[in-house]
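Analysis of the macromolecular model
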Amino acid sequence: MGRPRTNDAAVRERLVACATEMFATRAQESVTVRALATAAGTSTAAVYTLFQGKDGLIREVRDQAVAGLFRDLTAVPDSEDALKDLYALAVAYRRWGLEHRHLYAVLFGGAQSFVPSHRIGDGDPVRPLVSAIERAVAGHVLAGDTTLIAVSFWVALHGLVTLELSGSLGGAAADAAFRSTVDAVLRGWATPSSFTGLRSKE
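Residues numbered from 1 in each chain as written. Predicted model: local features only at pLDDT ≥ 70, side-chain atom pairs only at ≥ 80, totals over all residues. Heavy atoms only, no water.

So, on to the overall build of the protein. The helix and strand tally for the protein stands at 10 helices and 0 strands. Taking all 202 residues of the protein together, 42% fall into the buried category. Here the analysis covers contacts within the protein between residues at least 6 apart in sequence; of these, 65% occur between residues at least 24 apart. (Helix = DSSP H or I, 4+ residues; strand = E, 2+ residues; numbered from the N terminus. Buried < 20%, exposed > 50% of the residue type's maximum accessible area, 1.4 Å probe, protein only. Contact = heavy atoms within 4.5 Å.)

Structure follows, in structure tokens:
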């Protein structure tokens with residue numbers, strides 16, 4: 001009887017799924033290659049064959065999180081109203097975080113977090129937010145440094161999603177907090193002429 005395959009797509013998928021949950025819910029040092037392999041029903045050799053070890057598996061999980069959030073945000077269409085687009089992007093960000101709680105935890109606080117910086121590449125998950133903010137600044141709807149606006153907007157969204165994921169916010173209270181917080185952040189950066197016209201809409 002031949003040896004069972006350890007490098008097929010099904011095993012790879014199981015390893016990524018198990019690693020995503022484990023890295024999101026446990027301390028990184030406690031997640032061993034053996035524990036990952038056992039959870040996925042495979043051998044430790046498969047982790048090395050498919051990912052060259054634990055670090056490679058961490059990178060794969062993180063890359064899937066980045067790609068998933070980026071894909072959902074870039075699916076939000078641009079319009080002539082940059083503020084409307086920012087609200088739509090905020091809604092998409094929140095939805096992705098709530099629907100992919102483990103990937104979100106890995107990306108923003110888990111085993112290997114994405115850290116926003118002043119150098120935002122085309123494939124970074126916050127790029128669509130930055131692009132909409134750049135259009136709002138260019139259109140004199142928002143005023144200020146684009147990076148600072150983006151960071152404050154992201155901090156607000158991250159805080160809201162984190163509170164929802166922890167169970168501290170839920171239901172109507174979460175919806176109300178989301179709308180009022182997004183509205184408040186945008187009002188804080190709004191130009192005088194656009195301030196009174198800002199209204200949150202999902």
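Here we come to the packing of aromatic side chains. On inspection of all chains with the given rule, the structure shows 2 aromatic pairs. An angle of 90 degrees between the planes, with centres 5.9 Å apart, marks the rings of Tyr93 and Tyr104 as edge-to-face. Residue Tyr93 is located in helix α5 (residues 82-99), and its partner Tyr104 is located in helix α6 (residues 101-107); the two are separated by 11 residues in the primary sequence. Across the pair, exposure class does not vary: Tyr93 and Tyr104 are buried alike. On the accessibility criterion, Tyr104 (2% relative accessible area) is buried. (Phe/Tyr/Trp six-rings, centres within 6.5 Å; stacked < 30°, edge-to-face > 60°.)

Here we come to helix α1 (residues 9-25). When the terminal C-alpha atoms of α1 are compared, their 24 Å separation across 17 residues agrees well with the 24 Å that a helix rising 1.5 Å per residue should span. Structurally, α1 contributes buried residues whose contacts are with α2 (33-40), α3 (44-51), α4 (54-74) and α6. (Expected span 1.5 Å × (residues − 1).)

Comment: phi is negative for the bulk of residues other than glycine, and the bulk of peptide bonds are trans. Of note in the backbone geometry, Gln52 takes a positive phi value of approximately 60 degrees without being a glycine. With respect to the helices, strands and loops of the structure, Gln52 is situated in the loop between α3 and α4. Looking at Gln52, the relative accessible area reads 63%, which means it is exposed. Of note in the backbone geometry, His140 takes a positive phi value of approximately 60 degrees without being a glycine. Note that His140 resides in the loop between α7 (127-138) and α8 (146-166). Exposure remark for His140: the relative accessible area of 60% places this residue in the exposed category.

Turning our attention to the environment of Gln28. Structurally, the position occupied by Gln28 is in the loop between α1 and α2. Gln28 gets classed as partly exposed once you look at its relative accessible area, which sits at 30%.

With that settled, consider the nonpolar core. Among soluble globular proteins, nonpolar side chains are generally buried collectively. Membership of the largest hydrophobic core comes to 61 residues, with the highest contact counts inside it found for Tyr93 and Phe153. For this core, the element with the most residues is α5, which contributes 10 residues. Aside from chain neighbours lying at most four places away, what touches Tyr93 is Leu69, Leu73, Tyr104, Phe108, Trp154, Leu157, His158 and Val161. (Core = buried A, V, L, I, M, F, W, Y, C linked by side-chain atoms within 4.5 Å.)

Quick look at the confidence of the model for the protein now. The share of residues in the protein with pLDDT of 70 or more is 85%, and the mean pLDDT across the chain is 83. Segment residues 111-120: pLDDT under 50, and 23 contacts once partners within four positions in sequence are set aside and those in other chains are kept. (pLDDT = per-residue confidence, 0-100.)

On to the side chain of Lys54, then. Along the polypeptide, Lys54 turns up in helix α4. No salt bridge is formed by the buried Lys54. Its closest oppositely charged neighbour is Asp55, at 6.3 Å. Here Val31 takes part through its backbone oxygen, which lies 2.7 Å from a polar atom of the side chain of Lys54. If near-sequence neighbours (up to four positions away) are discounted, Lys54 is found in contact with Phe23, Gln28, Glu29, Val31, Val33 and Val47. (Lys, Arg positive; Asp, Glu negative; His and termini not counted. Salt bridge = Lys/Arg side-chain N within 4 Å of Asp/Glu carboxyl O. Polar contact = N/O pair within 3.5 Å; in protein donor to acceptor, adjacent residues only side chain to side chain.)

Moving on, we get to the packing of α2 against α3. Contact pair α2 / α3: the axes reach a minimum separation of 8 Å and the direction vectors enclose 100 degrees. The angle between α2 and α3 falls in the class roughly perpendicular. Between α2 and α3, the residues in contact are Val33, Arg34 and Ala37 and Thr44, Val47 and Tyr48, respectively. A breakdown of the residues in the contact of α2 with α3 according to their chemical character gives 4 nonpolar, 1 polar and 1 charged. (Axes fitted to C-alpha atoms, helices over the stretch in contact; angles between N-to-C directions. Parallel < 35°, antiparallel > 145°, perpendicular 65-115°, else oblique. Nonpolar A, V, L, I, M, F, W, Y, C, P; charged D, E, K, R; others polar.)

Applying the stated rule across the entire model yields 8 salt bridges. Across the pair Arg94 and Glu164 runs a salt bridge, and its minimum N-O distance is 2.7 Å. Of the two residues, Arg94 sits in helix α5 while Glu164 sits in helix α8, which places them 70 residues apart along the sequence. For the pair formed by Arg94 and Glu164, the shared burial category is buried. Between Glu134 and Arg127 there is a salt bridge, with its nearest N and O atoms 3.1 Å apart. Overall, the relative accessible area of 36% leaves Glu134 in the partly exposed class. With a relative accessible area of 17%, Arg127 lands in the buried category. Bridged by salt links that share partners, the residues Asp78, Asp85 and Arg135 form one connected network.

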